[in-house]
Amino acid sequence: MRFATDEFPERTSHMHFDVVIIGAGIAGLYTALHIDGKHTCCILTKEDAEVSNSWLAQGGIAAAISLDDAPIYHFEDTLIAGAGLCDENAVRVLVSEGPNDIRRLIEMQVPFDLDNEGDLDITREGGHRRRRIVHAGGDATGRETVKALAQLVSLRQNVTFMPHNFCADILTDENGAVSGCTVLDVTDTLFIIDTPNIVLATGGIGQVYKISTNPSVATGDGLAAAVRAGANLKDMEFIQFHPTGLWSDKHENRAFLISEAVRGEGGLLKNSEGERFMLGTHELNELAPRDIVARAITKELIRSGETHAFIDITAEPREYLEHRFPTIFQECLKRGIDISKTWIPVCPVQHYLIGGIQTDLDARTRVEGLYACGEAASTGVHGANRLASNSMLECLVFGRRAAAHINARFADGGEAPHAELPVSEKRNIVKRDFAALRTEIQQLMNDYGSVLRNENGMKKALVRISEIAEELNCSYYPGREYIETLNIATLAADILEAALLRRESVGAHYRED
Ligand SMILES: Cc1cc2nc3c(=O)[nH]c(=O)nc-3n(C[C@H](O)[C@H](O)[C@H](O)COP(=O)(O)OP(=O)(O)OC[C@H]3O[C@@H](n4cnc5c(N)ncnc54)[C@H](O)[C@@H]3O)c2cc1C
C-alpha cells in the first residue's frame, strides 16, 4: 500500500515550503536552526512542542569536552557498547564533530549546569570511561535544551512552526524524488505541502509496546511513511529497554523514568525480600549495562512471580536527593513515594529505538530529498546497543548535517515542485476498534518482542500482528487513529521479522533460544 490516507478531495489546499521538518524534538529544532535563512521552512508536530522524547530526556548529552577526554576514547566506548555492529565512519563523525555542537548549544544559551568553580559540570554514565556528560536543570537536560532551541526557532523569520499537524505520507514525483507530504490538520482535514526537501525527525516507536518511557506521539509515523515512500529500515530488532521505569498499578502506557544516575549515586536494586539480585550477575552489579540489568530484573520477576523490583536509595539524605534529582524526587513524591524513605518500585520498559530509517552520513535516505535524523534514523552509530547519552548527540550532529546538505542542494538550483494529488486506492471504509487493536499489539510485543525473545513466541505474535496489519491495509478509515494503528502494526511486524532473522543474541537483542 502506497498511502495511508485514501481520500484526496479535488480542492485539497496546498502550501509551499523549501524545507519541511517533521518533528520539534532536539533533532527537528536543531536542523531548523541550521537551514539557511534564505529558505522557507516549516516544522510540523503532532501535539504541542512539549510532547516529545526530547522534552523528557533526563541524564544529559555525551561529548568529549573535558580535559582528560578525547574523541578517540568516546569512539572506543561507543564501539564497545554497539557490540561490533556500529558503522565506524558514522561513529567517527559523531564523536569528532559532537564537541563543537555542544559549544554551539552553549552559544545558543542552553543553560548547562556548572560546578562550584563555574565550569561545566561534566559527569559520567554507565559505559563511558571518562566524564563526558553535560546536563541541564539537574535531571531536565532535554526540557532545558528544547526550550532554548524553540526560543531561537521562534525568532527565525524563515521558519513557520505548525503544531497539531499530523504528517500522514510523503509524496514523490515520477522519478521517485520527494515532491511534498500529506498532512491532517487539527480537524483531520487533509492538505498538501509542496516541498523538495523533507526531514523526518519524528522520534521513536514507544507506542508499539505496552509500557514505554516515550509519550503518546511515539507511534513511528515517520518510519512507516518513509517505508511507504520507498526508504529502507535498518536494525529494527535493536530496541533498548530501560531497566528502571517507575512501576505503577494504574496500567499507564507511559512509564516515568528512574534514571541510571540514581543507581550511579548509590541506589541498590532489590527484590521484595530486600535481596540484591544483581550481585554476582555482573562485575558492576547495579551499574552493569542497561540490557544486562533489564534481563536480570525480568528473570527475577519471572522467578518471583512479582510485577516489579525496587531501587533503594534511602541511604542518601533527603536534601541531597531533592537537589540532585529534582524531577525524579518530585514525580515520585506526587505518587506518594518519598524516595529518601521508601524504595522505588521499578520494572523494565521500552525506551529507545536503536534502528530506524537507514541514512548516510548526510542523513539522506535512499529517496531523493528525504532525510531522517534523531531517533527515527538509523545512522549506524549505535550498532546493537546505544551508549547512554549518545542519542541527543546524534540528533545534533546529523540534524546539522542534514541541514548542510539541504543548503548545498539549493545552491545547485532546481525547480520547486507542485505535488500531484495521489490517486486514491479507494478501499472500503471500515471502522474498527482501533484502541483495542493497539492494546492487542502492545500486549503481544510486550510478551514476545521484549527483553527476552524466542522463536516460538515471536512467530506467534507475528502471525497475529501481520493479520491485523493486513486487515488495516485492505480497508481504510479517515483520521489519525486509523493511521497511527496502521503504523504501529506495520512497525511491530518489522521489529519481529528482523528479530526472527537475527538468530544470535547481541547487544539489546537477546534470544533465549
Ligand atoms: C524519559 C527519557 C529519557 C531520556 N534520557 C536521555 C538522555 O539523558 N540522554 C540522551 O542522549 N537521550 C535520552 N533519551 C533519548 C532521547 O531523548 C531521544 O532519543 C531524543 O531526544 C529523540 O529526539 P528526536 O528529536 O529524534 O525525537 P523526539 O524528541 O521524540 O521528537 C519527535 C517529534 O516528532 C513529532 N512527530 C512524530 N510523528 C509525527 C507526525 N506524524 N506528524 C507530525 N509530527 C510528528 C512529534 O510531535 C515530536 O515533535 C531519553 C528518552 C526518554 C524518553
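Look above for the structure.
Note that the structure is predicted; figures quoted are calculated from it, not measured.

1. Describing the packing of aromatic side chains
Applying the stated criterion across every chain yields a total of five aromatic pairs. Through successive ring pairs, a cluster of aromatic residues spans F434, Y476, Y477 and Y482. Sitting over the ring of Y73, R130 keeps its end group 4.0 Å from the ring centre.

2. A word on the site of the ligand
Taken together, 38 residues are adjacent to the ligand, and S54, G59, G60, E375 and S391 come closest. Take I26: an N or O atom from its main chain is 3.3 Å from an oxygen atom of the ligand. Within the side chain of E375, an N or O atom sits 2.7 Å from an oxygen atom of the ligand. Expressed as a share of its isolated accessible area of 1,000 Å², the protein-covered part of the ligand is 97%. Contributions of two or more residues to the shell around the ligand are made by α1 (26-34), α2 (53-56), β8 (166-172), β16 (344-353) and α11 (390-411). Considering every element that reaches the shell around the ligand, the biggest residue donor is α11, with four residues.

3. Re helix α6 (residues 221-229)
Buried residues dominate α6, accounting for eight of its nine residues. All of the buried residues along α6 are D221, G222, L223, A224, A225, A226, R228 and A229. Just downstream of α6, G230 is the residue with a positive phi angle, here 110°.

4. Quick look at the side chain of R386
Position of R386 relative to the elements: it lies in the loop between β19 (377-378) and α11. E260 provides the closest opposite charge to the buried, unpaired R386, separated from it by 6.8 Å. Within the local environment of R386, its side chain forms a polar contact with the side chain of Q240, the two groups lying 2.9 Å apart. Looking at R386, its side chain comes within polar contact range of the side chain of S391, at 2.4 Å. Leave out the neighbours within four places in its chain, and R386 touches Q240, R290, H351, Y352, I354 and S391.

Reading guide: rules and limits
- Residues numbered from 1 in each chain as written.
- Predicted model: local features only at pLDDT ≥ 70, side-chain atom pairs only at ≥ 80, totals over all residues.
- Heavy atoms only, no water.
- Phe/Tyr/Trp six-rings, centres within 6.5 Å; stacked < 30°, edge-to-face > 60°.
- Lys NZ or Arg CZ within 6 Å of the ring centre and 35° of its normal.
- Near = heavy atom within 4 Å.
- Polar contact = N/O pair within 3.5 Å; in protein donor to acceptor, adjacent residues only side chain to side chain.
- Areas by Shrake-Rupley, 256 points an atom, 1.4 Å probe, with all protein chains shown as cover.
- Helix = DSSP H or I, 4+ residues; strand = E, 2+ residues; numbered from the N terminus.
- Buried < 20%, exposed > 50% of the residue type's maximum accessible area, 1.4 Å probe, protein only.
- Lys, Arg positive; Asp, Glu negative; His and termini not counted.
- Salt bridge = Lys/Arg side-chain N within 4 Å of Asp/Glu carboxyl O.
- Contact = heavy atoms within 4.5 Å.

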